[in-house]
Protein chains: 2
Amino acid sequence: MASMADETGLGKRAANYVPLTPLSHLNRARDIFGNLDALVYGPTRRTYRELHNRTTRLAGGLAGLGVRPGDVVSTVCPNIPAIAEAHFGVPACGAVLNTINTRLDPDTLAYILVHGEAKVAIADTQFLPVVREAITMMDGTGPTIIEAEDPDAGFPASGEFQTYEDLVAHGDPAFEWIMPDDEWDSLALNYTSGTTGRPKGVVCHHRGAYLMTLGTAISWEIGTRPKFLTIVPLFHCNGWCHTWMMPLLGGQITCCRDITARAVFNAIADEKITHMGGAPIVYNTLINAKSEDRREFNHQVYGLTAGAAPSPATIKGAEALGFRFMQVYGLTETYGHVTAAYEPEHWKSLDAEERYNLMARIGVRYPMMEDIEVVCTDTRQPVPHDGQTMGEVIIRGNCVMKGYYKDESASNKAFSSGYLRSGDIAVREPDGYIRITDRMKDIIISGGENISSVEIENVLMAHPAVSLCAVVARPDPKWGEVPCAFLELKEGATAEKAEVIAFVRQRLAGFKTPRHVVFQELPKTSTGKIQKFELRKTAKAL
Amino acid sequence: MASMADETGLGKRAANYVPLTPLSHLNRARDIFGNLDALVYGPTRRTYRELHNRTTRLAGGLAGLGVRPGDVVSTVCPNIPAIAEAHFGVPACGAVLNTINTRLDPDTLAYILVHGEAKVAIADTQFLPVVREAITMMDGTGPTIIEAEDPDAGFPASGEFQTYEDLVAHGDPAFEWIMPDDEWDSLALNYTSGTTGRPKGVVCHHRGAYLMTLGTAISWEIGTRPKFLTIVPLFHCNGWCHTWMMPLLGGQITCCRDITARAVFNAIADEKITHMGGAPIVYNTLINAKSEDRREFNHQVYGLTAGAAPSPATIKGAEALGFRFMQVYGLTETYGHVTAAYEPEHWKSLDAEERYNLMARIGVRYPMMEDIEVVCTDTRQPVPHDGQTMGEVIIRGNCVMKGYYKDESASNKAFSSGYLRSGDIAVREPDGYIRITDRMKDIIISGGENISSVEIENVLMAHPAVSLCAVVARPDPKWGEVPCAFLELKEGATAEKAEVIAFVRQRLAGFKTPRHVVFQELPKTSTGKIQKFELRKTAKAL
């Protein structure tokens, strides 16, 4: 510390130092937004005063089950109120929130419950079968199960476990929240859906989540009282921390259990949703929705997208529906989005295709991030801003995870060189924006040339018959690897392999043109990401 | 710290922990807002890239003068670019910025330079005489003087000292910024204009200033690229930290040397100012400006006010001019504003007078503040929300000073009870809002009843002839104290004492009616605050 000549009496005190935590937002929201709707789900509407009260009871109930500061509480829930409330109630008893992907197999679920040492697991009734099976695979008794029933959705309580509503109803309404002693205290443990090997547990702290909420509110220019729809699963990066941001703004969280075009359109029209986020596939679902699933809306909806660069068709379609659309980029390791495709004024006057092309980049870093750079994978020096030279995206700042739980070696590897290594390959364009060209492992190396699978995918998405596509490397005796394209076609549309190949060849160099084209439904993760490792297996076996 | 079962490898690293500092905003602004105007003053326009470069050179120049981390660098400047740049260049060499009020007498100025141990003082040419005189009163040589000349304003360089522009021109353009090791490191030393005794030095840290900028951007709903006019002196609470906020938003700082109606109207019209702050007297100056000083403008200007509750006439007049007006409240000890009169939707449909009355309160605390309470001065328990019971405002959160420099006893007193004691008296109304009724020392106690001087002043301000007023206690043999009113009248207006007293009596209880009325110009501080201690002396001598 750089001291002044005399620092006597200038230390931290209760009056001037409060560890940063999103819990503070909910205390403030109770005080100043107490009568506003905080949480909406079907006929359920809860004000901030009620959400605060239920948070207290949930924290008290968990403490009553023996949960102590630093313990892990898991959820296996879709986006229902229980998981949103757990984002506050679990840390309010000092515990660490571990939201688990509902689509996992029992073996992986068991691995996570054992690795994280969950004391309690809040499980949605729909997912009890897989939870039960996971527990039979574990040594010992496993976590205490609290069942979150959802009778309106067709999932009444099984009667086998204490229900979530019962836990809340019997929790101590005077329970005193356990605020973090240290803002570095762990807040969340998020297992990444690793495509190979066991998932790694990303540990996030209170400080980072707090700063994420402030930085997001500013960079997305949200203003007060937004109406937010949960589409990104809260088990994915805590839904990009948006749930923790809503009390900061007096915003309303509308829960959405199943992400269908009908459910999203209904929420936008009925709840006047102003803000949402989702992978490009979510917007494609809306764009391609059947007329009976659509609803008209006249207000502006601010839509973020992440997980993959949006194709021109997606941007165009989303804007036509009424979205103000922006791509963001980040990782589970960075609490979600840390850089955005913020649109400067002059893009608006560009030719539409050129504008869509620019919007498919990112590069305006969020204010809580200190540095985001693209470096040569060999020299670790910044790549030139030439739009050509590929390098790895590296990230430094206060919204970077503490590390991987119980995996110091993986943490050290991720943090080598003083930055977080993203594993994503990108180029830096002359205006400083970053274009992600591929995951390091998705790059296709053909005849010694690096080929971005994303570049080919963007061309394929412009084909009138294509609804969704993925390009992966297929081993090739002559070239090492060649591109292999997998396509989902639009309903009723048809296409020929040769014609698709010719379509790409007209637009890209020969070595980038797929040698193989396969029409099939694409395997996807719960967040809509295409599972390329499955397609690589298929391609190899062709 | 509440630890998880295994925290191995989860500590702080360069990649995931960066001490919070507003310097980070300027680094980011160079990267993403590099071509936007950062600083404007007359014909001078500097982009963020240029401001960043000049900050580097200024920091390098100061280091070259022997300034080391933790040292103090003072300014004696009005709102010219040099003081705005010093907000970045001084901390960028690790030093602590001490902006000194330009209106101080030489004795007090000498006291501050000695007490703060300033190594360098950047002094505007206009204020060199008082600086020279102060230095002759000091032991030793005093600080190195750097002269900030302003020839366009009629203050060419004296030739006696190295100029500010020369220092910047010769500063090392490759100087590596000294970012704080610890976010608790001191950033600013602000001497409060104490009304009695020597001023106290309020020490602020990097963490608080960073959080202030984020919290303000959110609560004021600023959005990106505001155009900000510096009216509050940057030597007063660092101009409420707005200068540090502008690079966060890619905003433009327009400097204003002399706060005249003409200068403010010109800036609003020519620079399309969108945001400004100032004491109510600043808005009164605009409202009452002569027609030749006025300019038309058609855009919305967001105006904060603080320092005193705005009268209904001030709010009405400011809104009529085109301001969206909001009162905020805070202290030098809280980096400026920490709670606001945020206007809920339903106020807009109220009767105008009722709405103005509600807007003269505060109560929506800024997100970086943990708690703002009104407590009984005896029991220290929260007062009831009855709008009647007076108590002291107390404040806790991350925008509270480290303490008073070299005055542990004053720090301990200010921080007794775990909160910062504001010294302001207020009531809490049923909707939770806070109405400041007085400074503790300004309360009038008449026949055992507490009388708020502010309540009487609000009535007087509604009198058609009154331009400005202040009410203070006058010792009285029968009642202990009685209210004594001092009035400035509008140009050309006249009023009679008896008629003024009758005007108040019609609207307030008899014991609140002034017994004495004096017509005179009111003594004011540099920030427009009326100096009631002077008026108390006058009242006593009547």
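What you are looking at is a predicted structure, and each value in this text was computed from that prediction instead of being measured.

## Description of the overall build of chain A
A tally of regular secondary structure across chain A gives 17 helices and 26 strands. Whereas a compact globule of 542 residues would reach a radius of gyration of roughly 24 Å, chain A reaches 24 Å, a difference of no more than 12%. Its C-alpha atoms give chain A principal-axis dimensions of about 70 × 65 × 55 Å. For chain A, contacts bridging at least 24 residues in sequence account for 70% of all contacts bridging at least 6.

## Re the sheet that holds strand S20 (residues 420-428) of chain B
All names here are of chain B. If you trace the four strands from one edge of the open sheet to the other, you get S17-S18-S20-S21, paired in antiparallel fashion. Every interior strand has two partners, whereas the edge strands, strand S17 (369-375) and strand S21 (434-439), have only one. Averaged over all adjacent pairs, the angle separating strand axes in this sheet is 40 degrees, with direction ignored. Examined bridge by bridge, S20 and S21 share five bridges and lie antiparallel to one another.

## Brief notes about the relation of the copies chain A and chain B
For the match of chain A to chain B, the screw axis carries a shift of 0.0 Å, the RMSD comes to 0.1 Å, and the turn is 180 degrees. In symmetry terms, the pair is related by a two-fold rotation axis. A symmetric contact is evident, with 100% of the interface residues of chain A recurring at the interface of chain B.

## Focus: the pairing of strand S24 (residues 466-476) of chain A
Residues and elements named next belong to chain A. The buried count for S24 comes to eight of eleven residues, which makes it a mostly enclosed element. Bridge count for S24 against strand S25 (residues 480-489) is ten bridges, and the pairing is antiparallel. Residue valine 466 lies in a different strand from S25, and its bridge partner there is leucine 489. Two successive antiparallel strands, S24 and S25, enclose a turn made up of three residues.

## A look at the interface of chain A and chain B
Across the contact, 60 residues belong to chain A and 60 residues belong to chain B. Of the residues forming the side of chain A that touches chain B, the biggest block, five residues, is contributed by helix H1 (residues 23-32) of chain A. When grouped by side-chain class, the residues that make up the side of chain A that touches chain B number 26 nonpolar, 18 polar and 16 charged.

## Quick word on the pairing of strand S26 (residues 516-519) of chain B
All names here are of chain B. Relative to S26, strand S25 (residues 480-489) runs parallel, the two being bridged by four bridges. The residue bridging phenylalanine 486 from the neighbouring strand is valine 518, located in S26. Handedness of the S25-helix H16 (residues 497-505)-S26 crossover: right-handed.

## What about the packing of helix H12 (residues 312-321) of chain B against helix H13 (residues 352-359) of chain B?
Residues and elements named next belong to chain B. H13 packs onto H12 with a crossing angle of 105 degrees between their chain directions and a minimal axis gap of 9 Å. When the interaxial angle is binned, H12 and H13 end up roughly perpendicular. Side by side, H12 and H13 meet where Pro312, Ile315 and Lys316 of the first sit next to Ala352, Glu353, Tyr356, Asn357 and Met359 of the second. Classifying every residue of the contact of H12 with H13 gives five nonpolar, one polar and two charged.

## Observations concerning the nonpolar core
Residues Leu62(A), Ile122(A), Leu62(B) and Ile122(B) are the most contacted members of the largest nonpolar core, which totals 320 residues. Excluding its chain neighbours within four sequence positions, the residues that come into contact with Leu62(B) are Val67(B), Val73(B), Gly89(B), Val90(B), Cys93(B), Ala95(B) and Val120(B). Core analysis: the next-biggest nonpolar cluster, separate from the first, contains 23 residues, Leu468(A), Val482(A), Val500(A) and Val504(A) among them.

## Description of the confidence of the model for chain A
Looking at chain A, pLDDT values average 94 and 99% of them are 70 or higher. Here the predicted complex carries an ipTM of 0.90, next to a pTM of 0.90.

## Let's talk about the domain arrangement of chain A
Residue and element names in this part refer to chain A. The assigned domain composition of chain A is domain 1 (23-37 + 44-207), domain 2 (305-440) and domain 3 (443-541). Domain 2 and domain 3 are separated by 23 Å when their C-alpha centres are compared. When contributions to the side of domain 2 that touches domain 3 are tallied by element, the ones reaching two or more residues are helix H12 (312-321) and strand S21 (434-439). Class assignment of the residues belonging to the side of domain 2 that touches domain 3 gives a composition of six nonpolar, three polar and one charged.

## Points about unusual backbone geometry
The residue Lys272(A) is not glycine, and still its phi comes out positive at about 55 degrees. The topology assignment puts Lys272(A) in the loop between helix H10 (261-271) and strand S12 (275-278). One non-glycine residue with positive phi stands out, namely Arg225(B), at about 60 degrees.

## Let's talk about helix H9 (residues 242-249) of chain B
Residue and element names in this part refer to chain B. When you tally the buried positions in H9, you get eight out of eight residues, the bulk of the element. Looking only at H9, the buried set comprises His242, Thr243, Trp244, Met245, Met246, Pro247, Leu248 and Leu249. Phi turns positive, to about 65 degrees, at glycine 250, one or two residues after H9.

## Looking at the sheet that holds strand S18 (residues 391-397) of chain A
All names here are of chain A. Reading across from one edge, S17-S18-S20-S21 is the order of the four strands in this open sheet, with antiparallel pairing throughout. Unpaired on one side and paired on the other, strand S17 (369-375) and S21 mark the two borders of the sheet. Neighbour to neighbour, the strand axes of the sheet diverge by 45 degrees on average, direction disregarded.

## Structural notes on the environment of Lys490(B)
Inspection of the secondary structure assignment puts Lys490(B) in the loop between S25 and H16. Along the primary structure Lys490(B) and Val90(B) are separated by 400 residues, whereas in three dimensions their C-alpha atoms are 43 Å apart.

## Quick notes on the packing of helix H4 (residues 106-116) of chain A against helix H5 (residues 128-136) of chain A
Residues and elements named next belong to chain A. Here H4 crosses H5 at 65 degrees, and the two axes come no closer than 8 Å. The element H4 and its partner H5 pack so that their crossing is right-handed. Mapping the contact onto sequence places Pro106, Leu109, Ala110 and Leu113 in H4 and Val130, Val131, Glu133 and Ala134 in H5. A breakdown of the residues in the contact of H4 with H5 according to their chemical character gives seven nonpolar, no polar and one charged.

## Let's talk about the environment of Leu522(A)
Residues and elements named next belong to chain A. Within the element layout of this structure, leucine 522 appears in the loop between strand S26 (516-519) and helix H17 (532-541). The exposure class of leucine 522 is partly exposed, given the 18 C-beta atoms found within 10 Å. Considered as a pair, leucine 522 and aspartate 124 are 398 residues apart in the sequence and their alpha carbons are 27 Å apart. Here leucine 522 is in contact with Leu468, Ala470, Phe486, Glu488 and Ile530, once residues within four sequence places are set aside.

The rules behind these values
- Residues numbered from 1 in each chain as written.
- Chains lettered and ligands numbered in written order.
- Predicted model: local features only at pLDDT ≥ 70, side-chain atom pairs only at ≥ 80, totals over all residues.
- Helix = DSSP H or I, 4+ residues; strand = E, 2+ residues; numbered from the N terminus.
- Rg over C-alpha atoms; globule rule 2.2 N^0.38 Å.
- Contact = placed C-beta atoms within 7 Å.
- Pairing = 2+ DSSP bridges.
- Axes fitted to C-alpha atoms, helices over the stretch in contact; angles between N-to-C directions.
- Least-squares fit on C-alpha atoms with pLDDT ≥ 70 in both.
- Buried ≥ 20, exposed ≤ 12 C-beta atoms within 10 Å, placed from the backbone.
- Nonpolar A, V, L, I, M, F, W, Y, C, P; charged D, E, K, R; others polar.
- Right-handed = clockwise from strand over helix to strand, strands pointing away.
- Parallel < 35°, antiparallel > 145°, perpendicular 65-115°, else oblique.
- Core = buried A, V, L, I, M, F, W, Y, C linked by C-beta atoms within 7 Å.
- pLDDT = per-residue confidence, 0-100.
- Domains from an automatic or database assignment.
- Left-handed = near helix turned anticlockwise from the far one by under 90°.

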